[in-house]
Amino acid sequence: MIKFVPFIFSLISVGIFAQKKVEILPNEIQIQTAVLPAPEEDRDAAMVYGYNESGEMVVLREGTNNLVCIGDDPNKEGISVSCYSKKLEPFMARGRELTVEGKNTKEKREIRGAEVASGKIPMPKAPSMTYIYFGKEENYDKTTGLLKDGQFRYVIYTPFATPEETGLPIKPHAKGMPWLMDPGTHRAHIMIGPF
């Protein structure tokens, strides 16, 4: 048993040191990638979140227009970036806080739902846009911040919208058609993507 204990500690040590160090790209490259989903005319003025050397999400650039862009998470496989209306920032920021606290998807939905209902999190009154661009790691150029062969997905938040009000189905019937996800809830949104 005594010989077994050092063996276990050596395995743990090897496991810890064998973990891949996450590469944090320069701020300008993170910004270049983060704004890819946005309409071209809105990219230069968008606020951008990215990651510092410690892997924490931070503001890389303050914005002057109505878009907030989120850089690619270096801890996740593939490339995925998004930009959304500033009116969604309280909802999105709260989601990030809850993630840091270790809440799972179900817990985050329940907490934010209660906070929207109480008025703690304001939701936009008009439909609010989110642009998403994603693709494979091997198609990403870390020197330019560009992603080739990426795909777009569009999400239009319309809190509490229903199929009856919108005429939208609750699942897509053809590739690229809009449909309503989470109808009747604070998270109700129109999905348009390569499904």
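Small disclaimer: the values here were computed from a predicted structure and weren't measured.

Enquirer: How would you sum up the pattern of salt bridges? Please name residues and give values.
Expert: Any two side chains of opposite charge can pair, on the condition that their charged atoms come close. In this structure the tally under the stated criterion is 8 salt bridges. Two residues, R94 and E115, come together in a salt bridge whose shortest N-O distance is 2.7 Å. In this pair, R94 is assigned in helix α3 (residues 89-100) and E115 in helix α4 (residues 105-118), connecting sequence segments 21 residues apart. Given the relative accessible area of 10%, E115 is considered buried. Across the pair E110 and K106 runs a salt bridge, and its minimum N-O distance is 2.8 Å. Taken together, the residues E110 and K106, both in helix α4 and 4 residues apart, mark about one turn of the helix.

Enquirer: Can you break down the packing of aromatic side chains residue by residue, with the values?
Expert: Applying the stated criterion across every chain yields a total of 4 aromatic pairs. Judged by centre distance (4.6 Å) and plane angle (40°), the rings of Y133 and F152 are tilted. Separated by 19 residues along the polypeptide, Y133 in strand β5 (residues 128-135) and F152 in strand β8 (residues 151-157) bring together distant segments of the chain. A centroid spacing of 5.9 Å and a plane angle of 0° characterise the contact between F152 and Y154, whose relative ring orientation is stacked. By way of ring pairs, the aromatic residues Y131, Y133, F152 and Y154 are connected into one cluster. Positioned above the aromatic ring of Y49 is the side chain of R96, whose terminal nitrogen or guanidinium carbon lies 4.5 Å from the ring centre. Above the ring of F91, the side-chain terminus of R112 is found at 3.8 Å from the ring centroid.

Enquirer: An account of the state of the cysteines is needed here, citing residue identities and associated values.
Expert: A covalent bond between the sulfur atoms of two cysteines is referred to as a disulfide. Taken as a whole and judged by the stated rule, the model has 1 disulfide. Disulfide partner of C69: C83, at an S-S distance of 2.1 Å. Here C69 and C83 share a disulfide; its torsion about the S-S bond, 105°, makes the bridge right-handed. Of this pair, C69 sits in strand β3 (residues 67-70) while C83 sits in strand β4 (residues 79-85), placing them 14 residues apart in sequence. Here C69 and C83 have matching classes, each one buried.

Enquirer: Outline the pairing of strand β1 (residues 47-51), supporting the account with residue identities and numerical values.
Expert: Of all 5 residues in β1, 5 are buried; the element is thus mostly enclosed. Burial of β1 is two-sided: the residues M47, Y49 and Y51 facing one way and the residues V48 and G50 facing the other way are all buried. Alignment of β1 against β3, held across 3 bridges, turns out to be parallel. Residue pairing in the sheet places V48 in a bridge with C69 of β3. As defined by bridge partners, β1 adjoins strand β2 (residues 57-61) across 4 bridges and the pair is classed as antiparallel. When the bridges of β2 are listed, V48 appears paired with R61.

Conventions adopted
Residues numbered from 1 in each chain as written. Predicted model: local features only at pLDDT ≥ 70, side-chain atom pairs only at ≥ 80, totals over all residues. Heavy atoms only, no water. Salt bridge = Lys/Arg side-chain N within 4 Å of Asp/Glu carboxyl O. Helix = DSSP H or I, 4+ residues; strand = E, 2+ residues; numbered from the N terminus. Buried < 20%, exposed > 50% of the residue type's maximum accessible area, 1.4 Å probe, protein only. Phe/Tyr/Trp six-rings, centres within 6.5 Å; stacked < 30°, edge-to-face > 60°. Lys NZ or Arg CZ within 6 Å of the ring centre and 35° of its normal. Disulfide = S-S within 2.5 Å. Pairing = 2+ DSSP bridges.

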